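Given next are the chains, with one letter for each unit.
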Amino acid sequence: VAQILIPRTFGNDHRILVNNGSVVGKEFYRVFISEELVETVGIALNSTLGILQREVIASAGLGGGALKLSTESASKFLVPNHQISFPVGVVESFLKRETLPIALELGYTSESWGGEQDLNRVPEDRLEIDRVLLNWLGLDLGDLEQLYAATARLVKQRDSKSRS
């Protein structure tokens, strides 16, 4: 059984599964990696950086705003090739909590992208994970706002195209 399952199609739900062995399905790309990397890679794929990468490498235009990953595009994700330490409790919180609609995860006041984006509304576990990953990339924490703004811009563009 694969440790990580990447859906072939993404709609409103943007979660990539870190599999404890209980999920089997044919509509996923199965990722087999060393056990010590499962948590780090799973977190990276579910981070805001992971969402941004999906928006850039996946195909849109499937109707309803869905994204489709091909085998080739799924292999293009940039993920750590070594373990990364995250603050205590953050991983458990992030992987176990219910994922909010993407607009809320990115700091907007409503699912329909209402209000201004505000990092103070981003779930704390997501912020902590994104800070650690920006550091891994050698980026400044000042780039966090740009990461969230760029991700929101791409998701909103796809969402608005699907409604037109």
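Scroll up to find the structure this text is about.
Conventions used here
Residues numbered from 1 in each chain as written. Predicted model: local features only at pLDDT ≥ 70, side-chain atom pairs only at ≥ 80, totals over all residues. Heavy atoms only, no water. Buried < 20%, exposed > 50% of the residue type's maximum accessible area, 1.4 Å probe, protein only. Helix = DSSP H or I, 4+ residues; strand = E, 2+ residues; numbered from the N terminus. Pairing = 2+ DSSP bridges. Polar contact = N/O pair within 3.5 Å; in protein donor to acceptor, adjacent residues only side chain to side chain. Contact = heavy atoms within 4.5 Å. Core = buried A, V, L, I, M, F, W, Y, C linked by side-chain atoms within 4.5 Å. Phe/Tyr/Trp six-rings, centres within 6.5 Å; stacked < 30°, edge-to-face > 60°. Patch = residues over 30% accessible without salt bridge, like charges linked within 9 Å, V, L, I, M, F, W, Y side chains within 5 Å. Areas by Shrake-Rupley, 256 points an atom, 1.4 Å probe, with all protein chains shown as cover. Salt bridge = Lys/Arg side-chain N within 4 Å of Asp/Glu carboxyl O. Axes fitted to C-alpha atoms, helices over the stretch in contact; angles between N-to-C directions. Parallel < 35°, antiparallel > 145°, perpendicular 65-115°, else oblique. Nonpolar A, V, L, I, M, F, W, Y, C, P; charged D, E, K, R; others polar.

Asks: Before we move on, can you summarise the pairing of strand β1 (residues 4-7) with the specific residues and values?
Replies: Residues Ile-4 and Ile-6 of β1 are buried on one face, and the alternating residues Leu-5 and Pro-7, pointing to the opposite face, are buried as well. Looking at chain direction, β1 and strand β3 (residues 17-18) are connected through two bridges and run antiparallel. When the sheet's bridge partners are listed, Ile-4 is paired in β3 with Val-18.

Asks: Give me the lowdown on the environment of Glu-98, citing residues and values where you can.
Replies: Along the chain, Glu-98 turns up in the loop between α4 (90-96) and α5 (102-105). For Glu-98, a relative accessible area of 72% translates into the label exposed. In this structure the C-alpha to C-alpha distance between Glu-98 and Gly-115, which are 17 residues apart in sequence, comes to 23 Å.

Asks: Lay out the side chain of Glu-105 in plain terms, naming residues and giving numbers.
Replies: Relative to the elements of secondary structure, Glu-105 occurs in helix α5. Overall, Glu-105 belongs to the buried group, its relative accessible area being 1%. A distance of 2.6 Å separates a polar atom in the side chain of Glu-105 from a polar atom in the side chain of Arg-97. Setting aside residues no more than four positions away along its own chain, Glu-105 makes contact with His-14, Arg-97, Thr-99, Leu-100, Val-122, Pro-123, Arg-126 and Tyr-148.

Asks: Give a description of the nonpolar core that names residues and reports values.
Replies: In this structure, Ile-102, Leu-106, Trp-113, Leu-144, Leu-147 and Tyr-148 are the most contacted members of the largest nonpolar core, which totals 17 residues. Broken down by secondary-structure element, the contributors of at least two residues to this core are α2 (48-57), α5, α6 (124-137) and α7 (143-163). For this core, the element with the highest residue contribution is α7, accounting for six residues. Setting aside chain neighbours within four positions, we find Tyr-148 in contact with Thr-48, Glu-105, Leu-106, Gln-117, Leu-119, Val-122, Arg-126, Leu-127 and Asp-130.

Asks: Give a detailed account of the sheet that holds strand β4 (residues 28-31), specifying residues and quantitative values.
Replies: Strand order in the open sheet made by the three strands is β3-β1-β4, with antiparallel pairing throughout. Two strands bound the open sheet, and with one partner strand each, they are β3 and β4.

Asks: Account for unusual backbone geometry, with residues named and values stated.
Replies: Of note, the phi angle at Trp-113 is positive, near 65 degrees, even though the residue is not glycine. Locating Trp-113 in the fold gives a position in the loop between α5 and α6.

Asks: I'd like to hear about the packing of aromatic side chains, residue by residue, with values.
Replies: This model, assessed by the stated rule, comprises one aromatic pair. A ring pair is formed by Tyr-108 and Trp-113, whose centres lie 5.1 Å apart and whose planes are at 75 degrees; its orientation type is edge-to-face. Take Tyr-108: its relative accessible area is 8%, and that puts it in the buried class. Accessibility expressed as a relative area gives 12% for Trp-113, which makes it buried.

Asks: Describe in detail a nonpolar patch on the surface, supporting the description with residues and values.
Replies: A cluster of nonpolar residues, Leu-78, Leu-137 and Leu-139, forms a patch on the protein surface that exposes about 230 Å² of accessible area. For Leu-137, the location among the structural elements is in helix α6. Under the relative-accessibility criterion, Leu-137 is labelled partly exposed at 31%.

Asks: Help me get a handle on the packing of helix α1 (residues 38-46) against α2, residues and values and all.
Replies: A pair of packed helices is characterised by two quantities: the angle between their axes and the separation of those axes. With their axes 4 Å apart at the nearest point, α1 and α2 run at an angle of 60 degrees to one another. It follows from the interaxial angle that α1 and α2 lie oblique. Taken together, the residues of α2 that come into contact with α1 (itself represented by Ala-44, Leu-45 and Asn-46) are Thr-48, Gly-50, Ile-51 and Arg-54. Across the contact of α1 with α2, the residue classes break down as three nonpolar, three polar and one charged.

Asks: Requested: an account of the pattern of salt bridges, with residues and values cited.
Replies: A complete count under the given rule lists eight salt bridges for this structure. With its nearest N and O atoms 2.6 Å apart, the salt bridge here joins Glu-105 to Arg-126. Residue Glu-105 is located in helix α5, and its partner Arg-126 is located in helix α6; the two are separated by 21 residues in the primary sequence. Residue Arg-121 is joined to Asp-118 by a salt bridge in which the shortest nitrogen-to-oxygen separation is 3.9 Å.

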